[in-house]
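Here's the letter readout for the chains.
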Amino acid sequence: MSTYNFSLVLSGLSNRTPLLEDKLYSAGCDDALVCFYGSTVYLQFDREAKSFQDAVLSAIQQVESLSDCRVTVVDAGGYVGISDIAERSGLTRQSISLLKEGKRGSGDFPSPLYRLTGKQPLWQWSEVAEWLASYEKIPKQLAEHSELISNLNLALQLRDNKVRTKVGELMEVLPNKH
């Protein structure tokens with residue numbers, strides 16, 4: 001068994017929820033640190049499991065065993081800037097900038113997805129992680145974990161019937177290109 005680190009952002013609970021830590025502990029989250037950003041509750045886990053997927057899914061099941069509690073996001077880091085990429089990869093900010101500009105490496109660094117006209121564009125972390133892993137700049141396992149997190153976050157969003165219905169409608173009118 002390995003120990004996996006990840007975070008879950010919760011809804012339905014707040015920093016004012018009575019006995020919050022006790023409830024989470026009783027649900028099986030004795031391996032999580034309860035954190036707050038304003039009134040938002042998030043949990044930082046160090047969980048032992050057979051796989052990263054098992055660790056995350058078991059944590060979601062335990063957290064959601066509490067009434068009125070839902071996990072909204074896993075690991076809250078889908079979109080990243082240059083500094084985030086550097087921190088996660090262990091490379092310098094300057095090295096990432098050179099890779100992004102094609103002045104170093106193969107010249108095919110992933111394109112940013114957001115803020116293209118701004119000074120701080122954002123990339124999908126799972127795409128960047130896959131690219132970095134393909135050039136052996138980060139462990140392949142880190143890229144695999146980031147892809148799982150990206151897919152889990154999409155699944156968490158689609159659990160909402162209103163979102164699922166709207167996405168389904170949009171999927172019907174979008175061109176189906178492979």
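The shown structure was predicted, so the numbers you read here are calculated from the model rather than taken from an experiment.

Rules of the game
Residues numbered from 1 in each chain as written. Predicted model: local features only at pLDDT ≥ 70, side-chain atom pairs only at ≥ 80, totals over all residues. Heavy atoms only, no water. Axes fitted to C-alpha atoms, helices over the stretch in contact; angles between N-to-C directions. Helix = DSSP H or I, 4+ residues; strand = E, 2+ residues; numbered from the N terminus. Parallel < 35°, antiparallel > 145°, perpendicular 65-115°, else oblique. Left-handed = near helix turned anticlockwise from the far one by under 90°. Contact = heavy atoms within 4.5 Å. Nonpolar A, V, L, I, M, F, W, Y, C, P; charged D, E, K, R; others polar. Pairing = 2+ DSSP bridges. Buried < 20%, exposed > 50% of the residue type's maximum accessible area, 1.4 Å probe, protein only. Polar contact = N/O pair within 3.5 Å; in protein donor to acceptor, adjacent residues only side chain to side chain.

Observations regarding the packing of helix 2 (residues 52–63) against helix 6 (residues 140–158)
Taken N-terminus to C-terminus, the directions of helix 2 and helix 6 make an angle of 30 degrees; their axes are 10 Å apart at the nearest point. By the angle between their axes, helix 2 is roughly parallel relative to helix 6. Judged by the twist between their axes, the crossing of helix 2 over helix 6 is right-handed. Residue-level contacts link F52, Q53, V56 and L57 of helix 2 to H145, L148, I149 and L152 of helix 6. Of the residues in the contact of helix 2 with helix 6, the class split is six nonpolar, two polar and no charged.

Structural notes on the pairing of strand 2 (residues 32–37)
When strand 2 meets strand 3 (residues 40–49), the two strands line up antiparallel, connected through six bridges. Paired with A32 across the bridge in strand 3 is F45. The turn linking strand 2 back onto strand 3 is made up of two residues, and G38 within it adopts a positive phi angle of 65 degrees.

A word on the side chain of N153
Position of N153 among the secondary structure elements: in helix 6. Looking at N153, the relative accessible area reads 15%, which means it is buried. At 2.6 Å, the side chain of N153 forms a polar contact with the backbone nitrogen of V74. In contact with N153, not counting residues within four places along its chain, are V73 and V74.

Any functional reading would require information that these geometric values do not contain.
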